[in-house]
Structure formats: C-alpha cells, structure tokens
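Each chain, written out:
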Amino acid sequence: MSRLPMLLYSLLISLVLVNGNEPGTILSNPVKQRQLDNTQPVGTNPISKFETQYLGQQNANNSCSHRDLGFTGELQGKWYGVYGDTLWCSSGVTDPNDDPDGFHGLVRDSVSLMTGDPLVVEDLHLNDDSPVRHQLQFVPFNADWNETNTFGFGGTSLVETANGAGAVFYLVNESDNTLRGAGVAKVEVVNGEPTVTQRFGDNGYWWPAPSTPRYGDVATFLDPRSNYIYTWGGAPTSITDFTGAQYVYLARVNAAEAYDLDSYEYWWGQGDGWKKGQPHTVFGPTTATVWWTGQGQFVWSEYFSCYIFVHLSPGGSDVLLRTATALEGPWTPDVKVYTATPIDGGLTYAGVAYPYLDTTGQTLTIAYTNNNHIEVIRVAFSK
C-alpha cells in the first residue's frame, strides 16, 4: 500500500472510532457530529479533594416502611422528600430491619418531612393502622382516567411555584411495559402537609411517553439563581435501541407559570437553544443534554460556584458528581465520591441531595436507594 492510501486509511479508521463508536460505524460527518454532541463531558471537574463518610440508613420516626428515591425539595421554608414505592412493614414493626418476609401493603409514592438529621424523616399522610400507622399515597390515582391503585407515579423533587404553592413532576406508570406519560400536579399545604390538589392534562399528564420525552422523570430542580424550574426526562418509549433510549432531554418554565403548558421551553441543544412551546421531536446527541445517568438531583454549590448533578452509575453502585456552570451543560466528567455495597445483591440507584444541611456547600449530604433502603453519606470538600 502506497503512502497516500495508507494515510487515507488511517484517517478513515480514526473517523470510525471518533466519539467512542464501535469499529465499522462510519459517521456521515463525524467532526460535525462530535461538535454537536451535547452529552460529551467537557472541561475539568473542580471536585478533586474530598472525604466521604457513611452515615447510616434513613428511617421514619413515626411510621415504618421500606422505600426508594426520596428526592428533596422546599415548600414554604420546609424540605420534603418524595419517595417512590413505599412498602409498609408488618403490623407493629417499628424497625424495617425487623420486618418479616411477606407483603404487608404498599402505596406507589409518598411524601415525608425532612429533619435536621438526614437519618430521620417524619412521614406524612398517615392512615389509621394500629399500633403503627403507615403512609397513604401522595399522587392520587384517578379512576376517571382508567387508573387503578396499581399505577405508579414516579415523582421527583417538590418545587415551589408561587403564593406558597408548589408542583411535583411525575411519570404515570401503568405497568412495567407501559408508561402513559409525564405530568405535573399542583401541591398545596393542607393541614400542614403538602397535598396534591390538581393534576393537569386531559388524562392526568401533558407529555405522552410514546412520542415525547418524559420530562421530570429523571430530575426536577428550582434554580435559585433564575427562579426557573428545570426538568429532565428520558427518551420517548418509541425509541427502543439502547443508545437512543438513554438520552435525557431538558425543559424549563418560570416557576410562577408551572401550571401553564404553553409557557414551557425546551432545550434543543447548543445549536438551536431554547424553543418555547416546542417539545422535542428530534432525538439524539444533538438535542439531549446528558446520556445514561439514571435518576438524580441537581444543586447549586456556593463552594464551587457551579451546579452539581448527583447520580449513581447506571447498573452500578458508584456515587457520582459532575458539574457545570449552566444547567443546559456542557457537564464535566463524573467524579466518584463513594461506592455503595448492595444489600442482599439488590439494586443501588437514584442519587439524592440534602443541600439545606450546609448552605455553604463545603459539605454535601447525599442519599441513594440500596435495595429499598435509603442510605446516607456526607461528602466534605476541600480545595
């Protein structure tokens, strides 16, 4: 082979491998593709010096259950956790670790009041069980929309909207194989407890899962620097290839307009920016903001003067932090701050942050789900 063909061959091979693609996948314009891939890590993560302490498992001081998620948000000066499937412990059990095997009842989501101790929460909306009361469901199902008590409503963080009210973003989950869509509910404090008072949309959701991203099922964050609510969602369920299904898309709305679908803006990538009233119809690295992260939580760090995204490695047990100066990204590479030990071989997932425990940002308390237990760590940063 002469020198010129050899150089062309080498260039072709380098283009084939650009951006981590497998050999044999030739991009039509790989240089442009790489420039427009909004999900690629950029820059240096400022989190380099830290110490992590395992604090223990979180439990309620007035109820007893196994649960997951617990994304935190503020409403009227108090912080609350929104949990997913909440499995009641057996009657009379006060410590989940003493719960006997078997099914004792559940609700598909719940809400609890956070306390100054990240290992202790106060459960809300309790039933009349005796001697130990258990939680009722937070996002109610609606039989008029052909929903039943088996439907899941995977909610992320509570966010304050206006006049003391709030919102929760959720995903209507009919079954393991059927996601109906992503929606928004109005939350008001009733008798001292955050209560869903209205679900929006003709069928209880705004964004149909087969055709639009599931805005809000990955994370929701009220940006204290702009008063915009940012909400991240997974790809439409019509996208079934592994790579395409893992892209995450971003929308936002002024907090005071959260109940108005027409006020939402959608991030179409660095090339096209924000588009008002235009949910994504083009899917992939040019319009997504992150890829394959799992659920997590965003915070603003006063200590580092940037945003931090807390999440776990999908399918793994590493607690990861990435940073950005804008919520649209680009985001830095992840830094691993802890590796959880799965309980009984179960799943670990869903990074949760408790930023209210240290507003200086020099420490960040983090929780995650470990086989239906909430475990908590504290990360102390230094420079």
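The residue count restarts for each chain, going from 1 along the sequence in the order it is written. At least 70 in pLDDT is required for a residue's local features to be given in this predicted model, at least 80 for side-chain atom pairs to be given and counted, and no such filter applies to totals for whole chains, interfaces and linings, which use all residues. As a rule here, side-chain values cover all heavy atoms of the structure and leave hydrogens and water aside.

## A closer look at the confidence of the model for the protein chain
The predictor attaches a confidence to each residue, and that confidence, scored 0 to 100, is pLDDT. With 91% of its residues at a pLDDT of 70 or more, the protein chain shows a mean pLDDT of 92. A low-confidence stretch, residues 1-34 stays under pLDDT 50, and its non-local contacts, those more than four residues away or across chains, total 20 contacts. By definition in these notes, contact holds between two residues if any of their heavy atoms fall within 4.5 Å.

## Some points on the sheet that holds strand β20 (residues 306-312)
Pairs of strands are assigned from DSSP output, requiring at least two bridges between the strands. Strands are runs of DSSP state E lasting at least two residues, helices are runs of H or I lasting at least four, and both sets are numbered from the N terminus onward. Spatially, four strands are ordered β19-β20-β21-β22 in an open sheet, and the strand pairing comes out antiparallel. Strands with a single pairing partner mark the edges of an open sheet, and in this sheet they are β19 (296-301) and β22 (335-339). Ignoring which end each strand starts from, the neighbouring axes of this sheet average 25° apart. Axis definition: a line fitted to C-alpha atoms, limited for helices to the stretch in contact. Angles are taken between N-to-C directions and run from 0 to 180 degrees.

## Re the nonpolar core
General note: in soluble globular proteins, nonpolar side chains tend to be found buried as a group. In this structure, Phe169, Val184, Trp207, Ile229, Tyr264 and Tyr266 are the most contacted members of the largest nonpolar core, which totals 23 residues. Going through the elements one at a time, β9 (166-175), β10 (178-190) and β15 (247-254) are the ones with two or more residues in this core. Per element, the largest residue contribution to this core is four residues, and it comes from β15. Ranked by size, the runner-up nonpolar core spans 20 residues in total, among them Val310, Val319, Leu321 and Val337. Buried Ala, Val, Leu, Ile, Met, Phe, Trp, Tyr and Cys residues form a nonpolar core when they are joined through side-chain atoms within 4.5 Å. Burial here depends on accessible area, computed with a 1.4 Å probe over protein chains only, as a share of the maximum for the residue type. Under 20% is buried, over 50% is exposed, and the range in between is partly exposed.

## Here we look at unusual backbone geometry
With an omega of 5°, the peptide bond between Ser130 and Pro131 qualifies as cis. Along the polypeptide, Pro131 turns up in the loop between β6 (120-123) and β7 (152-155). Backbone torsion omega between Gly329 and Pro330 reads 5°, so that peptide bond is classified as cis. In this structure, Pro330 sits in the loop between β21 (318-324) and β22. For Gln76, which is not glycine, the phi torsion reads 50° and is therefore positive. With respect to the helices and strands, Gln76 occurs in the loop between β2 (65-75) and β3 (78-88). What makes Gln76 partly exposed here is its relative accessible area of 46%.

## Some thoughts on the pattern of salt bridges
Each salt bridge in this description consists of a side-chain nitrogen of Lys or Arg and a carboxyl oxygen of Asp or Glu lying within 4 Å of one another. Applying the stated criterion across every chain, the model contains seven salt bridges. The salt bridge partner of Arg67 is Asp123, with a shortest N-O separation of 2.8 Å. Taken together, the residues Arg67 in strand β2 and Asp123 in strand β6 connect sequence positions 56 residues apart. Taking the relative accessible area as the measure of exposure, Asp123 reaches 2% and is therefore buried. Across the pair Arg252 and Glu265 runs a salt bridge, and its minimum N-O distance is 3.3 Å. In this pair, Arg252 sits in strand β15 while Glu265 sits in strand β16 (residues 265-267), placing the two residues 13 residues apart along the sequence. There is no split in this pair, since Arg252 and Glu265 are both buried.

## Here's the deal with the state of the cysteines
What counts as a disulfide here is a pair of cysteine sulfur atoms lying within 2.5 Å. Taken as a whole and judged by the stated rule, the model has zero disulfides. In this structure Cys64 is a free cysteine whose sulfur lies 3.4 Å from that of Cys89, the closest cysteine sulfur available. On the basis of relative accessibility, which here comes to 1%, the residue Cys64 falls in the buried class. Overall, Cys89 belongs to the buried group, its relative accessible area being 1%.

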